[in-house]
Amino acid sequence: MRPSAGRAIISILRTELRRRLADRSIIVSGFVAPAVIAAIIGFAFGAAGNPIPLKLGVAYDAPTSVARSVVNAAIGGAGLGNLVQVVTVSSPGALRHDVSDGSIGAGVILPAGFASASSFGISGPGVKVEDRVPGKTSGVIRDLLANVTVDTGHGPPSAQVSVVSQSTSSVNGQLAEALAASISSRLYAGALALQVDAGHSAAGSSGSSAGAAPSKADVARLEAAAVAAAEKPALLDLSSLNIGTNHAVIGFYGSSISIVFLFIGAGLGTRAIAMERTGGTLTRLAAAPVSSASVVVGKMLAVFVTAVVSLLVLWAETVLLFHATWGAAGGVVLMCTATSLAMCSLAMFLTSLAKNEDQAYAASIIVGIVLGIVGGNFFPPGSLPSGLQFVSQLTPNGWALVGFGRLALQGVGISGLISPLAILGIISAVFIALAGTRIRRVVEL
Amino acid sequence: MAPTAPVLACRGLTKRYGNRTAVDEVSFQIAAGECYGLLGPNGAGKTTTISLACGLLEPDGGEVLVEGQPLFTTSVDLKAVIGYIPQEIALYPELSVVDNLKFFGRLYGLTGNRLDDRTRAVIEIVGLTERSKERVGNFSGGMKRRANIAAGLLHEPHLLVLDEPTVGVDPQSRNAILETVVSLRDAGLAVLYTTHYMEEAERLCNRVGIIDGGSLIAEGTRRQLVAQVRGQDRIRLVAPGDTDALARACKRIDGIDDVVRRDDGLELAVHDGRSVLPAVVAAATGTGAELSSVEVMEPDLETVFLALTGKELRD
């Protein structure tokens, strides 16, 4: 007599959950720990939803009064209030450095020819993104570029406004990047308005000519046009970014920190399997008429269910107690599921490498902390060396942060989560496959 | 019950870990209704042999046949006829005996009333009915061992494999465990029993294999093993006073090979102590020796083990 693989897996899963309930470990990891994390994050960021100041840098190739006026008008028109602290940086190089080390979330560089009459128009694409991490541009910037790629056919390329940003998943970086992009879009809109105005003037009078310095009248018209443009609808709708309060940030940090605990929890769960090897119960399971795969899958499912529950409980607690905004419910559930699966798969793979429960425990803690650091759960990735910044894009927690960040900060729906979900799925598949090759080692003596 | 076709046959089993050979060309077989004891000191290779016989390890050489079919680590169906009782308490301490047994029963395909009935039955066999709903973690060592055995009996296996099931057990539980094994053997199960307690092997096993350093160095019934090492019975006579006349008389009795003087009497080396004993008592009466005690000592497996390996069983 032998059970089907499905029945065996369900039996093992049920018993694992009963054991975790009996020793209360599921209560601790599934409910108590998320509650503690929620409380810490909620109180740290304030339950009232006070805005968190973000730092945005502005640098000028040539700090003319025209350029300053246009920027001030754009910032004022963006209605940023006390949400953003805008600082002027001495040079584009200094701005790039500050963004690279994470001291400034993002910035805007005004080109030298910006104030010249010939470059009132900005040739397309009007906004150039300087991505500190080559090869990856965040969704916000991609959206922006899609909106502003308008080739007016006028002006030299040197007049492009540059947005300097980090493409990795730091909260400050993403928010500041979005704001920088918004300001750039307003500058672009103002320049377009001025182009039109300049065109009219050229047709009707002796107005500005290409290559000449702007007259006082040009400057006045430029300022007026910039202010007018700032009052028009922005090319990028900031209201969709959930940056009015820090509720989204609570949601984002809630998921960010819990991912680290999730991995450690998953590691401890799989370590329990290694302990069973020593205790003898795994030997008895191996002697039973069920496959090793059924045993491992059943036990891993229990760890996975616990992980998903802990994330969902954290979500519910931060929403109910601190009014956190994690984003679309469907997206949150999908991200919690995909993240838990990826982390459990990795933990299972590490357990398959370990010779005993002590090694499994040490591996889960060490790898969890390293992933937390590299993936951006503890520090902004921008503060890491460029090599590690690249590595962060290989970590499951890094991609989990991208997904949760898009949900909480950009307000995307499920369609906006395709890439993080797909990559987390790939990571899960890879680690499950790797663990699968060593599945007998997990179970055998 | 007369032995029939082997339920378990191990042929030339070999298992190596690096340069160390844990099990070296071990062969034996067990028929239904037979209890085979694997006797050896700690580290002799008993547990590795059992792990190979249960399909927990893949051998580097040789084969295992269960009911005539080759057994591999992946032989899921064939494992259903084996009841494995590991040396460790392989139960979940957070769960009750009933919950543990029902879980393991389900893994052997038991469901519904059948599962309930079998759970009740094995709990009764091991004498834990009164405490079946208590957590295993709260049990004494002996009770845990009994529950551990119950889990191996649930699915009514044809082959029962017990790996030192009485280690660290109180005398009462030990006796209960041994009685359970005897009754299962008598009910027709093939039993493979490892131990380093020779008295258990003598009490339970129809045949014994002596394993040392990974090799099976002798096999047979106790009598066969004793004969193999030419073991002799010894008769110890305690007689105060002069025993010279008695010693001379004993040397003339057929079946007595040697007479050794002791401080308090004599020790006789004989082929069959029980058959020679009446003549020895008659000789004592005839010589006027006053016997205060007579003891017949038959050679045991400990003696055999010492003779074969040159070391004590519990080394």
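Residue indices follow the written sequence of each chain, beginning from 1 at its first position. As a convention, the first chain written is A and the first ligand written is 1, with the rest following in written order. In keeping with the model being predicted, local features are shown solely for residues with a pLDDT of at least 70 and side-chain atom pairs are shown and tallied solely at 80 or more, while totals for entire chains, interfaces and linings include all residues. Water and hydrogen atoms were dropped before computing side-chain values, which therefore reflect all heavy atoms in the structure.

### Quick word on the overall build of chain B
Scanning chain B from N- to C-terminus turns up 10 helices and 14 strands. Note on classification: 1.4 Å probe, protein chains only; a residue is buried when its accessible area is under 20% of the maximum for its type, exposed when over 50%, partly exposed between these limits. Burial analysis of chain B (315 residues in total) assigns 54% to the buried set. Contacts are assigned to residue pairs with any non-hydrogen atoms lying within 4.5 Å of each other. Long-range contacts, defined here as pairs at least 24 residues apart, represent 68% of the contacts in chain B between residues at least 6 apart. Exposure was quantified through the Shrake-Rupley algorithm and a 1.4 Å probe, taking into account, for residues, occlusion by the shown protein chains and nothing else. Roughly 13,500 Å² of accessible area belongs to chain B as shown, and the carbon and sulfur atoms make up 46% of that amount. Comment: elements are numbered from the N terminus, with helices defined as DSSP H or I runs of at least four residues and strands as E runs of at least two.

### Points about unusual backbone geometry
Note on backbone geometry: most residues besides glycine have negative phi, and most peptide bonds are trans. One non-glycine residue with positive phi stands out, namely Arg 24 of chain A, at about 70°. Relative to the assigned elements, Arg 24 of chain A resides in the loop between α1 (5–22) and α2 (25–45). Notably, Glu 67 of chain B is not glycine yet its phi reads approximately 50°, a positive angle. By relative accessible area, which is 36% here, Glu 67 of chain B ends up partly exposed.

### Some thoughts on the confidence of the model for chain B
Of all residues in chain B, 96% have pLDDT values of 70 or greater, and the mean over the chain is 88. Overall fold confidence for the complex sits at a pTM of 0.67, while the interface term, ipTM, reaches 0.79. Predictor confidence is given residue by residue as pLDDT, running from a minimum of 0 to a maximum of 100.

### Quick look at the packing of helix α10 (residues 292–322) of chain A against helix α11 (residues 329–353) of chain A
All names here are of chain A. Helix axes use the C-alpha atoms of the stretch in contact, all axes being lines fitted to C-alpha atoms, and the angles between their N-to-C directions lie in the range 0 to 180 degrees. Relative orientation of the contacting elements α10 and α11 amounts to 140°, with a least axis distance of 9 Å. One way to sum up the angle between α10 and α11 is to call them oblique. Where α10 crosses over α11, the handedness of that crossing is right-handed. Judged by residue contacts, Val 296, Met 300, Val 303, Phe 304, Ala 307, Val 308, Leu 311, Leu 312 and Trp 315 of α10 engage Ala 329, Val 332, Val 333, Cys 336, Thr 337, Thr 339, Ser 340, Leu 341, Cys 344, Ser 345 and Met 348 from α11. Each angle is binned into one of four classes, with values under 35 degrees roughly parallel, values over 145 roughly antiparallel, values of 65 to 115 roughly perpendicular, and all other values oblique. It is the rotation of the near helix from the far one that decides the hand of a crossing: anticlockwise by less than a right angle makes it left-handed, clockwise makes it right-handed.

### So, a nonpolar patch on the surface
Patch criteria: residues need more than 30% relative accessible area and no salt bridge. Like-charged residues are merged within 9 Å; nonpolar side chains of Val, Leu, Ile, Met, Phe, Trp and Tyr are merged within 5 Å. Here a salt bridge means any side-chain nitrogen of Lys or Arg lying within 4 Å of a carboxyl oxygen belonging to Asp or Glu. Side chains of Leu 21, Ile 27, Val 28, Phe 31, Val 32, Val 36 and Ile 40 of chain A sit close together on the surface and give an oily, nonpolar patch of about 600 Å² of accessible area. If one sorts the elements of the nonpolar patch by residue count, α2 of chain A sits on top with 6 residues.

### Let's talk about the sheet that holds strand β13 (residues 265–270) of chain B
All names here are of chain B. Strand order across the open sheet formed by 4 strands is β12-β13-β11-β14, with antiparallel pairing between neighbours. Unpaired on one side and paired on the other, β12 (256–262) and β14 (293–297) mark the two borders of the sheet. With direction set aside, neighbouring strand axes in the sheet form an average angle of 15°. For two strands to be treated as a pair, DSSP must find no fewer than two bridges joining them. With 6 bridges connecting them, strand β11 (residues 233–238) and β13 associate as antiparallel partners. Residue Arg 234 lies in a different strand from β13, and its bridge partner there is Ala 269. Relative to β12, helix α8 (residues 244–251) is tilted by about 165°, and along the sheet it contacts β11, β12 and β13. Relative to β11, helix α9 (residues 273–287) is tilted by about 30°, and along the sheet it contacts β11, β12, β13 and β14.

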